[in-house]
Amino acid sequence: METEKRMELVNVIVEEVRPLLQGSESKKIVDYGSGSGLVSLELTDLVDSILLVDSSKQALQDAADKIMTRGITNCEVLYSDFTEDMPELKADIVLLSLVLLHIPDTKLILQRLFSILPTDGLLIIVDFDKNDQVNHPKIHSGFSHNELKSILVEVGFTSTTCKTFYHGKQIFANQDASMFIATSRK
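Residues numbered from 1 in each chain as written. Predicted model: local features only at pLDDT ≥ 70, side-chain atom pairs only at ≥ 80, totals over all residues. Heavy atoms only, no water.

Asks: Would you mind going over the sheet that holds strand β3 (residues 75-79) with me for this structure?
Replies: As a general point, the strands of a sheet are linked pairwise by backbone hydrogen bonds and lie either parallel or antiparallel. Here 7 strands make up an open sheet; going across it, the order is β3-β2-β1-β4-β5-β7-β6 and the pairing mixed. The two strands at the open ends of the sheet, each matched to only one other strand, are β3 and β6 (159-172). Looking at each pair of strands side by side, their axes are set apart by 15° on average, direction ignored. Pairing geometry for β6 and strand β7 (residues 175-185), over 10 bridges, is antiparallel. Looking at β7, one finds that S159 is bridged to R185. Here helix α2 (residues 57-69) sits on the sheet and contacts β2 (49-54) and β3; the angle it forms with β3, its principal contact strand, is near 165°. Lying on the sheet, helix α4 (residues 145-155) is in contact with β5 (122-128), β6 and β7; it crosses β6 at an angle near 140°. (Pairing = 2+ DSSP bridges. Helix = DSSP H or I, 4+ residues; strand = E, 2+ residues; numbered from the N terminus. Axes fitted to C-alpha atoms, helices over the stretch in contact; angles between N-to-C directions. Contact = heavy atoms within 4.5 Å.)

This is the structure in structure tokens:
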């Protein structure tokens, strides 16, 4: 849903991620759980190429339409769910924007994403901070920085920085919440 509130979050996330991609003109990004590309299609000018990966055919169709309409030449879409089947892929940078909370097995997906990165590759995670007000059978109630860091270490990432960068009203399951960005090096 590209509601106004959603677009507001997207703009905030894009502003936070763009500086991390300075100097990445030769890099390939995988945007895992890209949806219709709201975030990654605003990053195309900074990198060599972006592969939008999602398990929703409809979202990818929307993304493909946007790519064509805007005449973007360095983006492709791929229908896939890495928790089920891992394609042969390599990327210098993996972006995971408000996706981790929807994936039941956090460690598994992080292992899969780790496997497509080269040494010194970068994983960028944007998600909600742990929120005790959120109780939903299908999603995680956000993540504590320390818990997430320890999973990333177990998976094999050598360093992670994590910081909260945005607080908003009713942005997470209709609750006030904050978002963090975590950057991890392989």
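Asks: What am I meant to see in the pattern of salt bridges here?
Replies: For side chains bearing opposite charge, pairing can occur when the charged atoms are close. Under the defined criterion, the tally for this structure stands at 6 salt bridges. In this structure, the salt-bridge partner of K163 is E16, at a minimum N-O distance of 3.0 Å. Of this pair, K163 sits in strand β6 while E16 sits in helix α1 (residues 4-17); the two residues are 147 residues apart in sequence, bridging distant segments of the chain. A relative accessible area of 45% means that K163 is categorised as partly exposed. Of the charged contacts in the structure, one is a salt bridge between K169 and D176, with a shortest N-O distance of 3.5 Å. Looking at D176, the relative accessible area reads 41%, which means it is partly exposed. (Salt bridge = Lys/Arg side-chain N within 4 Å of Asp/Glu carboxyl O. Buried < 20%, exposed > 50% of the residue type's maximum accessible area, 1.4 Å probe, protein only.)

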